Amino acid sequence: MAKIFSIANQKGGVGKTTTTVNLAAALAASGQRVLLVDLDPQGNATMGSGVDKRGLASSVYQVLLGLCSIASARQRSESGGYDVLPANRELAGAEVEMVEIDERETRLKRALKVHEQDYDFILIDCPPALSLLTLNGLCAAHGVIIPMQCEYYALEGLSDLVNTIKQVHRNLNGDLEIIGLLRVMFDPRSTLALQVSAQLEAHFGDKVFATLVPRNVRLAEAPSYGMPGVVFDRASKGAQAYVAFAVEMIERFRRAEASQSRAGSSSPATA
Ligand code: ATP
Ligand code: MG
């Protein structure tokens with residue numbers, strides 16, 4: 001069954017899309033079946049995957065409104081080796097149009113349900129707001145990956161996001177947990193970055209991923225070629241960090257599954 005993760009942070013420009021696209025490509029390169037859901041009207045994850053957001057016949061917008069299925073809206077990222085449920089500006093209207101619809105927070109969750117067996121990982125790129133679209137991302141997911149820059153204000157925004165995740169966990173999606181915080185655009189020469197990074201580790205412990213993604217211009221250049229950075233320049237430091245991040249994710253879930261099955265086999269209920 002697919003593991004579904006939302007990549008979320010209501011702060012803009014913190015590396016959500018770069019993380020989603022590169023994690024999708026790195027997981028796909030290691031043989032995982034991946035669907036990337038672009039839940040942002042900016043359509044950056046769509047374009048960065050090499051899918052043209054202009055003139056899409058159907059997109060995540062129609063899927064959320066129940067006008068078409070994921071199977072007919074999804075496209076292939078040829079450069080990334082994964083499927084994309086694309087988005088464009090049309091999606092901005094969905095916030096308003098969904099107000100009339102029942103159970104509007106769980107539209108994406110229900111649409112994805114049919115595809116649980118088609119993928120190993122489903123990654124949802126959320127927009128920079130705690131909006132109804134992000135809420136759909138959080139309701140559909142098993143966990144949240146939070147990319148963040150190690151700056152002073154990053155910590156301030158984090159408590160709002162953590163509180164939203166707790167509320168969603170309590171009221172809408174009992175499965176939801178924080179998978180981890182990913183430090184991105186990291187500059188080890190900056191004293192502030194090192195201090196904030198240490199604070200994060202002190203506060204969130206092993207929820208902070210070991211992988212550090214450095215600031216790397218090749219990651220920023222890749223989207224204009226319609227390619228994930230890990231494909232555009234695999235040897236670059238940024239690409240290597242995202243490949244390491246994918247390995248860390250896979251390892252983490254292998255360990256969790258192994259300990260679950262050990263617990264299961266020793267349980268009298270399953271004996
Ligand atoms: P938004 O909130 O607008 O959706 P975002 O959180 O998705 O933004 P990105 O679009 O991934 O953030 O990144 C913001 C900018 O920073 C982009 O121009 C991107 O290319 C650049 N960027 C992201 N990560 C890195 C990195 N590790 N090194 C250099 N540039 C990066
Ligand atoms: Mg983005």
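Here the structure is shown first, and the text comes after it.
Parameters at a glance
- Residues numbered from 1 in each chain as written.
- Chains lettered and ligands numbered in written order.
- Predicted model: local features only at pLDDT ≥ 70, side-chain atom pairs only at ≥ 80, totals over all residues.
- Heavy atoms only, no water.
- Core = buried A, V, L, I, M, F, W, Y, C linked by side-chain atoms within 4.5 Å.
- Buried < 20%, exposed > 50% of the residue type's maximum accessible area, 1.4 Å probe, protein only.
- Helix = DSSP H or I, 4+ residues; strand = E, 2+ residues; numbered from the N terminus.
- Near = heavy atom within 4 Å.
- Polar contact = N/O pair within 3.5 Å; in protein donor to acceptor, adjacent residues only side chain to side chain.
- Areas by Shrake-Rupley, 256 points an atom, 1.4 Å probe, with all protein chains shown as cover.
- Nonpolar A, V, L, I, M, F, W, Y, C, P; charged D, E, K, R; others polar.
- Axes fitted to C-alpha atoms, helices over the stretch in contact; angles between N-to-C directions.
- Parallel < 35°, antiparallel > 145°, perpendicular 65-115°, else oblique.
- Contact = heavy atoms within 4.5 Å.

Visitor: Is there a simple way to think about the nonpolar core in this case?
Guide: Buried together is how nonpolar side chains tend to be arranged in soluble globular proteins. Counting residues in hydrophobic clusters, the biggest one holds 52 residues, and the most contacted among them are Val37, Leu112, Ile122 and Ile124. No other element matches the 6 residues that helix H8 (residues 152-171) contributes to this core. In this structure, Leu23, Ala26, Leu123 and Ile250 belong to the second largest nonpolar core, which totals 34 residues.

Visitor: Would you mind going over the site of ligand 1 with me for this structure?
Guide: Ligand 1 sits among 18 residues. The nearest are Gly13, Lys16, Thr17, Thr18 and Asn216. Gly13 places a polar main-chain atom, nitrogen or oxygen, 2.9 Å from an oxygen atom of ligand 1. The fraction of the free accessible surface of ligand 1 (620 Å²) that becomes covered by protein chains is 81%. Put simply, the parts of the chain that give the shell around ligand 1 at least two residues each are helix H1 (16-29), strand E8 (208-214) and helix H10 (217-221). Sort the elements by how many residues they give to the shell around ligand 1 and H1 lands first, with 3 residues. Among the residues making up the shell around ligand 1, the classes are represented as 7 nonpolar, 7 polar and 4 charged.

Visitor: How should the packing of H8 against helix H9 (residues 191-204) be read in this particular structure?
Guide: The description of two packed helices rests on the angle between their axes and on the distance between the axes. One can describe the packing of H8 onto H9 by two numbers: an axis separation of 9 Å at closest approach and a directional angle of 25°. When the interaxial angle is binned, H8 and H9 end up roughly parallel. Residues Tyr152, Leu155, Leu158 and Val162 of H8 form the contact with H9, whose participating residues are Leu192, Val196, Gln199, Leu200 and Phe204. Taken together, the residues of the contact of H8 with H9 break down into 8 nonpolar, 1 polar and no charged.

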